[in-house]
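Overview (structure and organization)
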Amino acid sequence: MIMKNNKLNISGAEALIRALLEEGVDLLFGYPGGAIMPVYDELYKFSDKINHILTRHEQGATHAAQGYARSSGKVGVAIATSGPGATNLVTGIADAQIDSTPIVCITGQVASHLLGSDAFQETDIIGISTPVTKWNYQITKASEIPDIVSKAFYIASSGRPGPVLIDITKDAQFEFCEYNYKKCNGIRSYLPVPELQNEQITDAAKVINSSKRPLIVWGQGVILAEAENEFKEFVENSGIPAVWTILGLSALPTEHPLNMGMVGMHGNYGPNVLTNECDVLIAVGMRFDDRVTGDLKTYAKQAKIVHLEIDPAEISKNVFAHYPILGDCKESLKKLSNLVNKKSLNNWIGLFDNHMKIEYKSVIEKDLFPNKDGLTMGEVINSINKHSKGDAIIVTDVGQHQMVACRYAKFNSSKSNITSGGLGTMGFALPAAIGAKIGASHREVVAVIGDGGYQMTIQELGTIFQTKTAVKIVVLNNDYLGMVRQWQQLFFDKRYASTEMVNPDFVKIAEGYSIQAKRVTDRKDLDNAVKLLIESKDAFFLEVCVEKEDNVFPMIPSGASVSDIRLK
């Protein structure tokens, strides 16, 4: 650091660290290497201000940054070297893009004079990451660093959030520059929040007030906008039943009387069937993805669609919006709530209750209170509910356990359900749970994982061991890639091609990382084991051996209508 003409003259690496501090960053997840080494040297010098979590794989760093962002509401930051270090970030970046998670990824790059020469560990990460980032930029001059970092955090966190990547050549990290940081509050031609049009809200209120069978479907947009209170007020002011996508789960308490459950492929029976019987569908912060809609040709064709959305690209992309309301739903919900009339919808809500009774007898009772010897995934989630009292953050991986957890987990507060929704990334849960616990250290964090996904990032047990992060891990072990096996059973005549797992001793592996561990194979031992897990002050691993060939129902077959949901 040099003072020149009363101005700070510092290396690009130091400029990066100071810029991160300006953005309130006090935590990074990453893995060092040659092309990012100057930055790590500065991190060493600033270790009293920024904590660096050494993950065991760069993919783990991005998932941890995602978990941190989702539990804390802040921007997560991941850092890696060039070449394979940078490409290992891409899965997490793509996951963050489709799930609208604000993260900033920083990669080292070979020196600028070597760009395009196929130098050691050179990869065009800008070209690779362009389709899966909200914005990316390659820095070749130290003087660019403060401005680009400021823009990166603004873009990642504003409007519909998403991942941003900054690639910094090694010579730019060594080069000295005059440091001057200005917080970015706007970029010409980038309008992250569309201006609300009052006539859109007025028109939507009229059609809602004239409806006889209205239905609210909400997604993660409610959580990202921090509009939980406004949403709850809208639901209660209108008296309209509300259902959720998996990323919207926890924005409204599970036990709220107007919370009718989950829509989608493995959602609840009533919410799916009655989607095709409502007369007005009010979509709030959701994107009508295929897992929710099933066959678009038959989805809610009888209904007028009101769509509250911050991203113009989502309006009428999959489902035509008769009444689009562009803008921040925190603001639009407040205005809409003041215009809707409280409805008496006892007969309509009664249909949801009737369908739930059918689903309970056909599916739920067997999942939660089985009358067979083998343990079910549902009763494990039920036991977690009992001991966490609905106050835990539950982080799930991808597969049968994910759907079961989303169906049966109880949540009292928002930002409690963290999962890979759009990309469906196996291996997400373990590193994401580490980030979630660090981002919300006052809360219990339980990672619920299948035996397949667990082994994709099992090395992050080393991160837990080194950081002493008190993550609780529950592996539901059925010795199969369960969701793929279910499809093979139902649609491929039980040809179980490459889905049976020969698993290691998970308990011994956990104990090798000095993590307390337990295995449960008998129902009589389950409740006490879950109690120990929740009450532990340290990390705890619990393996529950569940039925090998249990299936998750209800289920909408791929490409079928939501009305064709199967109970068995």
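Conventions and cut-offs
Residues numbered from 1 in each chain as written. Predicted model: local features only at pLDDT ≥ 70, side-chain atom pairs only at ≥ 80, totals over all residues. Heavy atoms only, no water. Helix = DSSP H or I, 4+ residues; strand = E, 2+ residues; numbered from the N terminus. Rg over C-alpha atoms; globule rule 2.2 N^0.38 Å. Buried < 20%, exposed > 50% of the residue type's maximum accessible area, 1.4 Å probe, protein only. Contact = heavy atoms within 4.5 Å. Areas by Shrake-Rupley, 256 points an atom, 1.4 Å probe, with all protein chains shown as cover. Lys, Arg positive; Asp, Glu negative; His and termini not counted. Charge placed at Lys NZ, Arg CZ, Asp CG, Glu CD. Pairing = 2+ DSSP bridges. Axes fitted to C-alpha atoms, helices over the stretch in contact; angles between N-to-C directions. Core = buried A, V, L, I, M, F, W, Y, C linked by side-chain atoms within 4.5 Å. Salt bridge = Lys/Arg side-chain N within 4 Å of Asp/Glu carboxyl O. Right-handed = clockwise from strand over helix to strand, strands pointing away. Parallel < 35°, antiparallel > 145°, perpendicular 65-115°, else oblique. Left-handed = near helix turned anticlockwise from the far one by under 90°. Phe/Tyr/Trp six-rings, centres within 6.5 Å; stacked < 30°, edge-to-face > 60°.

Notes on the overall build of the protein
- The helix and strand tally for the protein stands at 23 helices and 21 strands.
- The globule rule puts the C-alpha radius of gyration for 568 residues at 24 Å, and the 24 Å found for the protein is close to it.
- Across the 568 residues that make up the protein, the buried fraction comes to 60%.
- Taking as baseline every contact in the protein between residues at least 6 positions apart, the subset at least 24 positions apart corresponds to 76%.
- Accessible surface computed for the protein: about 22,600 Å², of which carbon and sulfur atoms make up 50%.
- In the protein, 57 side chains carry a positive charge and 64 a negative one; their mean positions are 4 Å apart.

Structural notes on the pairing of strand 14 (residues 304-309)
- Of all 6 residues making up strand 14, 5 are buried, and the element is well covered by its neighbours.
- As defined by bridge partners, strand 13 (residues 280-284) adjoins strand 14 across 5 bridges and the pair is classed as parallel. Note on strand 14: the bridge partner recorded for Leu 281 is Ile 305.
- Bridging between strand 14 and strand 15 (residues 323-326) involves 4 bridges; their strand directions are parallel. Bridging from a neighbouring strand, Val 306 pairs with Tyr 323 of strand 15.

A closer look at the sheet that holds strand 17 (residues 417-419)
- The strand order across the open sheet built from 6 strands is 17-16-18-19-21-20, with neighbouring strands paired in parallel fashion. Two strands lie at the open edges of the sheet, namely strand 17 and strand 20 (516-520), each paired on one side alone. Across this sheet, the average inter-strand angle for adjacent strands is 15°, counted without regard to direction.
- The pairing of strand 16 (residues 393-396) with strand 17 spans 3 bridges and is parallel. The residue bridging Ile 394 from the neighbouring strand is Asn 417, located in strand 17.
- The strands touched by helix 18 (residues 429-439) within the sheet are strand 16, strand 17, strand 18 (445-450) and strand 19 (472-477), with strand 18 carrying the most contacts at an inclination of about 175°.
- Across the sheet, helix 23 (residues 523-535) touches strand 18, strand 19, strand 20 and strand 21 (540-545), and the angle it forms with strand 21 is around 160°.

Examining the nonpolar core
- Judged by nonpolar contacts, the single largest core of 98 residues is most densely connected at Ile 208, Phe 231, Leu 281, Ile 282, Val 284 and Leu 336.
- In terms of residues, this core owes the most to one element, helix 15 (residues 346-368), which gives 6 residues.
- Ranked by size, the runner-up nonpolar core spans 39 residues in total, among them Ile 10, Ile 36, Ile 79 and Val 149.

Quick look at the pattern of salt bridges
- Applying the stated rule across the entire model yields 27 salt bridges.
- The partner of Arg 213 in a salt bridge is Glu 277, with the nearest N and O atoms 3.5 Å apart. Of the two residues, Arg 213 sits in the loop between helix 9 (198-209) and strand 10 (214-218) while Glu 277 sits in the loop between helix 12 (269-275) and strand 13, which places them 64 residues apart along the sequence.
- Of the charged contacts in the structure, one is a salt bridge between Glu 543 and Arg 519, with a shortest N-O distance of 2.9 Å. One end of the pair, Glu 543, is in strand 21; the other, Arg 519, is in strand 20, and 24 residues separate them in sequence.

Side note on the pairing of strand 16
- The alternating pattern of strand 16 places Ile 393 and Val 395 on one face and Ile 394 and Thr 396 on the opposite face, and all of these are buried.
- Taken together, the 4 bridges between strand 16 and strand 18 define a ladder with parallel strand orientation. Bridging from a neighbouring strand, Thr 396 pairs with Val 448 of strand 18.
- Handedness of the β-α-β unit built from strand 16, helix 17 (residues 400-408) and strand 17 comes out right-handed.

Some remarks on the packing of helix 11 (residues 228-238) against helix 14 (residues 329-339)
- Taken N-terminus to C-terminus, the directions of helix 11 and helix 14 make an angle of 25°; their axes are 9 Å apart at the nearest point. Looking at the two axes, helix 11 sits roughly parallel to helix 14. Seen from above, helix 11 lies across helix 14 with left-handed handedness. From helix 11, Glu 230, Phe 231, Glu 233, Phe 234 and Asn 237 reach across to helix 14, where they touch Lys 330, Leu 333, Lys 334, Leu 336 and Ser 337.

Let's talk about the packing of aromatic side chains
- The tally for this structure, following the rule as stated, stands at 12 aromatic pairs.
- Consider the rings of Tyr 454 and Phe 541, whose centres lie 5.6 Å apart with planes at 25°: the pair is stacked. In this pair, Tyr 454 is assigned in helix 19 (residues 451-454) and Phe 541 in strand 21, connecting sequence segments 87 residues apart.
- Geometrically, the ring pair formed by Trp 487 and Phe 491 is edge-to-face, given 5.4 Å between the ring centres and 65° between the ring planes. In this pair, Trp 487 and Phe 491 are both assigned in helix 21 (residues 482-491), 4 residues apart and thus about one turn of the helix distant.

A closer look at helix 21
- The complete set of buried residues in helix 21 reads Gly 482, Met 483, Arg 485, Gln 486 and Gln 488.
- Of the surrounding elements, those touching the buried residues of helix 21 are helix 17.
- Of the residues trailing helix 21, Asp 493 is marked for its positive phi of about 50°.

Quick notes on the sheet that holds strand 8 (residues 163-169)
- Strands sit in the order 4-3-5-6-8-7 across an open sheet of 6 strands; the sheet is parallel. One side of each edge strand has no neighbouring strand; the edge strands of this open sheet are strand 4 (51-54) and strand 7 (135-139). In this sheet, neighbouring strand axes are inclined to one another by 20° on average, regardless of whether the strands run parallel or antiparallel.

A short note on the environment of Ile 358
- You can see Ile 358 is positioned in helix 15.
- Residues Ile 358 and Leu 567, 209 residues apart in the sequence, show an inter-C-alpha distance of 9.1 Å.

Things to note about the environment of Pro 192
- By the secondary structure assignment, Pro 192 is in the loop between strand 9 (176-178) and helix 9.
- Look at Pro 192 and you get buried, because its relative accessible area is 17%.
- When the C-alpha atoms of Pro 192 and Gly 422 are compared, they prove to be 21 Å apart, with 230 residues separating the residues in sequence.
- Non-local contacts of Pro 192, meaning those with residues more than four positions away in its chain, are made with Tyr 154, Ser 158, Gly 159, Arg 160 and Ile 310.

Quick look at helix 1 (residues 12-22)
- Where burial is concerned, most of helix 1 is hidden: 8 out of the 11 residues are buried.
- For helix 1, every residue scored as buried is listed here: Gly 12, Ala 13, Glu 14, Ala 15, Leu 16, Ile 17, Ala 19 and Leu 20.
- Positive phi appears at Gly 24, one or two residues downstream of helix 1, with a value of about 80°.

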